[in-house]
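# Coordinate inspection notes
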Amino acid sequence: MKLSGAQIVVKTLEELGINTVFGYTGNYAMPVFEALERSALSLVVPTSEVCGAHEADGYYRASGKVAAVLSTSGPGATNLVTGIATAYMDSVPLLAITANVPTYKLGKDSFQEVDITGIVTPVTKYAHIVKDVRELEREIKKAYALAVSGRTAPVLIDIPYDVLLGETEYLSLPLPAYRAPEAKAAEISEAARILNDAERPALLVGGGAVGAGKAVAALAEKLKAPVFTTLRGIGATDSARVVGTVGSCAPRAYNRLYASADVILALGTRFSDKMHSKPNKRKYIHIDVDNAELDKIVPANCAICARIADVVPALTAKCNERREAWYAPVERPRALSSVVKLAEAVARADLRDTVIATDVGNHQIAMLQALRGKPSEEIVSSLGLGTMGFGLPALIGAMKASGKRGILFTGDGSFNMNMNELATAVEAGLDMSIVIANNRELGMIKNLERRRKDGCGELITHTPKVNYALIARAFGAKGRKASVANIIALLDSKESGVWVYDVKIRG
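Residues numbered from 1 in each chain as written. Predicted model: local features only at pLDDT ≥ 70, side-chain atom pairs only at ≥ 80, totals over all residues. Heavy atoms only, no water.

### A few points about the pattern of salt bridges
Spelled out, the test is: Each salt bridge in this description consists of a side-chain nitrogen of Lys or Arg and a carboxyl oxygen of Asp or Glu lying within 4 Å of one another. Secondary structure elements follow DSSP: runs of H or I of four or more residues count as helices, runs of E of two or more count as strands, with numbering from the N terminus. Exposed residues in this analysis have more than 50% of their type's maximum accessible area, buried residues have under 20%, and partly exposed residues fall in between, with area computed by a 1.4 Å probe over protein chains only.
Under the defined criterion, the tally for this structure stands at 22 salt bridges. Where Glu 15 meets Lys 141, a salt bridge forms, and the shortest distance between an N and an O atom there is 2.7 Å. Here the residue Glu 15 occupies a position in helix α1 (residues 5-16), and Lys 141 occupies one in helix α7 (residues 136-148), the gap between them amounting to 126 residues. According to the relative accessible area criterion, Glu 15 is partly exposed, its value standing at 37%. Ionic pairing is found between Glu 321 and Lys 224, a salt bridge with its closest N-O pair at 3.8 Å. You can see Glu 321 sitting in the loop between α12 (308-318) and α13 (338-347) and its partner Lys 224 sitting in the loop between α10 (213-223) and β10 (227-229), a full 97 residues away along the chain. The exposure class of Lys 224 is buried, given its relative accessible area of 11%. Residues joined by salt bridges that share partners form a network here, namely Arg 151, Asp 290, Glu 293 and Lys 296.

### Examining the sheet that holds strand β12 (residues 263-267)
Our working definition: In short, DSSP must find at least two bridges between two strands for them to pair. Axes, fitted as lines to C-alpha atoms, cover a helix only where it is in contact. Angles between the N-to-C directions of the axes lie from 0 to 180 degrees. Any two residues whose heavy atoms approach within 4.5 Å at even a single point are treated as in contact.
Strands sit in the order β11-β10-β9-β12-β13-β14 across an open sheet of 6 strands; the sheet is parallel. On the outer flanks of this sheet lie β11 (242-245) and β14 (302-305), each paired with one strand and no other. Geometrically, the sheet is characterised by an average inter-axis angle of 15° between neighbouring strands, direction not taken into account. Direction of pairing for strand β13 (residues 283-288) relative to β14: parallel, over a ladder of 4 bridges. Residue pairing in the sheet places Asp 288 in a bridge with Cys 305 of β14. Where α12 meets the sheet, its contacts fall on β12, β13 and β14, and the angle it forms with β13 comes to roughly 135°.

Given below as structure tokens:
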């Protein structure tokens with residue numbers, strides 16, 4: 001039986017096991033939305049395309065399952081770019097499908113025509129425009145297979161309008177297989193030798209170690225080594241030897257202990273400039289599924305291109321068991337600033353079966369530092385790109401995937417970016433609490449401004465005065481003023497619906 005291009009899109013998504021689509025319609029995308037209405041797929045309609053991309057991102061972080069995001073041509077497609085780039089920087093796979101003008105209008109500056117594949121090529125693993133309906137099923141499946149293989153990443157398929165209307169046979173093609181790189185026995189033996197010879201070994205766990213938490217914990221225990229994480233690696237392992245994060249936003253005590261290690265075993269990290277400035281004389285063992293990351297920032301004494309989950313058990317078997325740890329326990333720093341106190345209060349609430357999302361800024365760092373022991377699938381935060389406005393839509397996607405309660409810890413600057421997505425949360429009937437750390441300024445930028453001798457003053461860091469409780473009610477949510485003193489009780493009450501708590505704090 002022949003299917004239209006739009007029907008092939010939907011049929012292919014079903015065969016791939018994708019059951020949720022976040023999409024905002026438009027002229028050239030209408031055939032796909034009409035096909036979606038006749039399918040069993042769940043469609044979530046955001047208030048903007050960028051929110052749809054963030055929602056697909058959050059969906060994967062909470063469940064490990066890929067969601068699709070769909071938009072129309074031109075500005076609809078370009079609105080996806082920030083969300084795609086956010087996912088790319090944090091190695092999150094999502095399948096973006098965009099409509100475009102008919103093939104005979106391509107390259108003629110037609111109304112709402114844009115070369116979206118050219119635009120997103122730097123921030124996708126694969127981007128392709130399909131100009132023949134007979135290639136549509138194959139290309140979507142190829143894109144999906146690439147997205148979930150190796151180092152995961154977003155992909156985009158662009159489909160002209162006449163291809164969506166065209167018809168061809170649906171072939172039920174098999175999914176292409178892409179083999180993951182495998183470690184050599186000699187590489188694992190060399191890594192074990194370096195660790196066995198070390199006096200002060202330490203583990204650095206990044207986002208690439210998500211899913212290998214138990215294996216990482218077993219290795220850390222055998223080595224009696226401290227475990228440090230990147231921000232993306234928070235929650236990747238529940239090892240009792242986790243000290244905390246390292247880098248420019250980490251407590252000095254953590255950084256000092258990290259600096260005293262003579263061998264660093266880096267697992268699934270790209271050594272971002274936020275956590276690593278330059279290597280010192282210590283030795284590095286770097287394991288990552290993306291070969292491009294090896295020796296890019298840090299010259300490794302032993303570099304292994306493979307999945308963390310595949311290498312760590314074999315490495316553990318070859319390591320000598322140590323009798324005692326070489327380091328003393330490090331106390332967590334006491335809460336000092338207002339935003340840290342608020343974050344610590346939120347973290348003391350009952351967070352069982354709860355997904356926590358953040359936006360970007362001082363509140364984000366404070367919240368991530370406070371979420372010690374929280375599993376990675378219950379923490380949703382934009383780290384590589386640092387996208388303000390990410391939190392609310394990403395939390396909606398995470399809640400749709402997990403069925404769990406949600407808490408968003410955000411700042412007033414970030415919340416202003418996508419507060420319109422309150423409407424989607426209310427429409428979806430979610431039980432969500434939003435805690436706004438409201439200091440009427442862009443706190444992180446303000447801190448940087450204070451360090452500059454030629455600073456421009458407060459104008460560029462000032463945020464407008466907004467009654468968030470009133471805005472919440474306008475969107476059909478509930479809102480009220482709150483404080484550090486009563487936020488735990490408010491969160492633990494678990495009142496149904498979408499709640500916005502406006503907490504005034506000092507800068």
